[in-house]
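Structure at a glance
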Amino acid sequence: MKHPPRIRVIGSVNLDIVARVHTLPSPGETVSGGVLAHYPGGKGANQALAARKLGAEVAMFGCVGNDSAAGQALSLLKANHVDLTGVTILDGVATGVALIVVDAAGENQIVVTPGANASVSPSTLADLSGDYDATLCQLELPVETISYLADTVTGLFCINLAPAKPMPQDVLNRADILVVNETEAAFYGDQLNGLKALIIHTLGADGAIAFQNGKEIARSASPGVVPVDTTGAGDTFVGAFIVAFLSEGSVANALAYGCAAGAAATLKAGAQTSMPSRDEVEALLGLTA
Ligand code: RIB
């Protein structure tokens, strides 16, 4: 591909409200002593920024509320020149918010209040006729909207099945690339069998495996790092994998690139604030076992 990959991301935009504590609370437990921070987030926006920072031209489609959280949530996409003309501002609903707790080992718990993301629909989506090399979505939008996209969008259609929720088989049949983590792979189980899609299983610190027609075709380890905050690492993997796959066409190289980018994203706090540059990914690529 001679031009930078052109990627359309249709997905969620959130403001992440993050408390950093020593230990994640158990049900019914109160944990104090945390430090609070606000970061731009949302799986859609995170994947859009990851792809943009790694060289793609990216257009974001979604919804935010007419509130101050929207400005914060979109700030890094704007600063990095993601095309935001497809983001609709809605009166009467709040921008999506994620309440996140991160522990000393960088692990997290996340609760999302979808707000305006729940209003992403055929009527609130801008014109989808543009010329893109790939369309990427996740599952923080209504299922009906994902079905509409599967029926409507032409060209390479990629879905990160996160967070897992029941999905019509037609949608999975339409996808060209599906990305799942271990929890999501277990959730969909047999629904992932017999699909035409390239299926990527991410394994966190253990890397990622690509399957086509039920057979493993490539795998990559992840560089060994000491994580500060794993929030958004999976989103960074997805954005990086798609950019590398569109640029080079090699699944094996794209897996390694995605794993290096995902590892790099764990080295700083926050989802979008931790997304690596190309140089940072390349520095870690050399360390992949
Ligand atoms: O994948 C991480 C993201 O999940 C966070 O940024 C949060 O907003 C939730 O959508």
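As a reminder, the structure under discussion sits directly above these lines.
Residues numbered from 1 in each chain as written. Predicted model: local features only at pLDDT ≥ 70, side-chain atom pairs only at ≥ 80, totals over all residues. Heavy atoms only, no water.

The subject of this paragraph is the overall build of the chain. Within the chain, the secondary structure is distributed over eight helices and 13 strands. Computed over its C-alpha atoms, the radius of gyration of the chain comes to 18 Å, within 12% of the 19 Å expected for a compact globule of 289 residues. Counting only C-alpha atoms and orienting by the principal axes, one finds that the chain spans roughly 50 × 45 × 40 Å. In the chain, once contacts between residues fewer than 6 apart in sequence are set aside, the share between residues at least 24 apart is 62%. Total accessible area computed for the chain in this model is approximately 12,100 Å², and 55% of it derives from carbon and sulfur atoms. Positive and negative side-chain charges in the chain, numbering 15 and 27 respectively, have mean positions lying 6 Å apart. (Helix = DSSP H or I, 4+ residues; strand = E, 2+ residues; numbered from the N terminus. Rg over C-alpha atoms; globule rule 2.2 N^0.38 Å. Contact = heavy atoms within 4.5 Å. Areas by Shrake-Rupley, 256 points an atom, 1.4 Å probe, with all protein chains shown as cover. Lys, Arg positive; Asp, Glu negative; His and termini not counted. Charge placed at Lys NZ, Arg CZ, Asp CG, Glu CD.)

Let us look at the site of the ligand. Every residue near the ligand is listed here: Asn14, Asp16, Gly41, Gly42, Lys43, Asn46, Ala98, Val112, Glu140, Gly232, Asp235 and Ala271. A distance of 3.0 Å separates an oxygen atom of the ligand from a polar atom in the side chain of Asn14. At 2.7 Å from an oxygen atom of the ligand is found a side-chain nitrogen or oxygen belonging to Asp235. Contact with the protein chains covers 96% of the free accessible surface of the ligand, which is 280 Å². At the level of elements, β2 (14-20) and α1 (43-53) are the ones that each hand at least two residues to the shell around the ligand. Class assignment of the residues belonging to the shell around the ligand gives a composition of three nonpolar, five polar and four charged. (Near = heavy atom within 4 Å. Polar contact = N/O pair within 3.5 Å; in protein donor to acceptor, adjacent residues only side chain to side chain. Nonpolar A, V, L, I, M, F, W, Y, C, P; charged D, E, K, R; others polar.)

Looking at the secondary structure, you find Ile100 in strand β6 (residues 96-102). For Ile100, a relative accessible area of 3% gives the class buried. Considering only alpha carbons, one finds Ile100 and Leu36, 64 residues apart in sequence, at a separation of 9.8 Å. In contact with Ile100, not counting residues within four places along its chain, are Asp16, Ile17, Val18, Ala19, Asn108, Gln109, Ile110 and Thr231. (Buried < 20%, exposed > 50% of the residue type's maximum accessible area, 1.4 Å probe, protein only.)

This next bit is on helix α2 (residues 68-79). Over its twelve residues, α2 extends 17 Å from the first C-alpha to the last, a length consistent with the 16 Å expected when each residue adds 1.5 Å. Directly beyond the C-terminal end of α2, a positive phi value near 60 degrees is found at His81. (Expected span 1.5 Å × (residues − 1).)

The nine strands are arranged β5-β4-β1-β8-β9-β10-β11-β12-β13 in an open sheet whose pairing can be described as mixed. Two strands lie at the open edges of the sheet, namely β5 (83-90) and β13 (215-220), each paired on one side alone. Direction aside, the axes of adjacent strands within the sheet are offset by 15 degrees on average. Alignment of strand β10 (residues 177-180) against strand β11 (residues 198-202), held across four bridges, turns out to be parallel. Looking at the pairing, Leu178 lines up with Ile199 of β11. (Pairing = 2+ DSSP bridges. Axes fitted to C-alpha atoms, helices over the stretch in contact; angles between N-to-C directions.)

Looking now at the packing of aromatic side chains. Inspection of every chain in the model, using the stated rule, returns three aromatic pairs. Both rings, one in Phe241 and one in Phe245, keep their centres 5.8 Å apart while their planes meet at 5 degrees; by these two values the pair is stacked. Here the residue Phe241 and the residue Phe245 both occupy positions in helix α6 (residues 233-248), the gap between them amounting to four residues, near one helical turn. The pair formed by Phe241 and Phe245 is uniform in burial state, with each residue classed as buried. A connected cluster of aromatic rings, assembled from ring pairs, spans Phe237, Phe241 and Phe245. (Phe/Tyr/Trp six-rings, centres within 6.5 Å; stacked < 30°, edge-to-face > 60°.)

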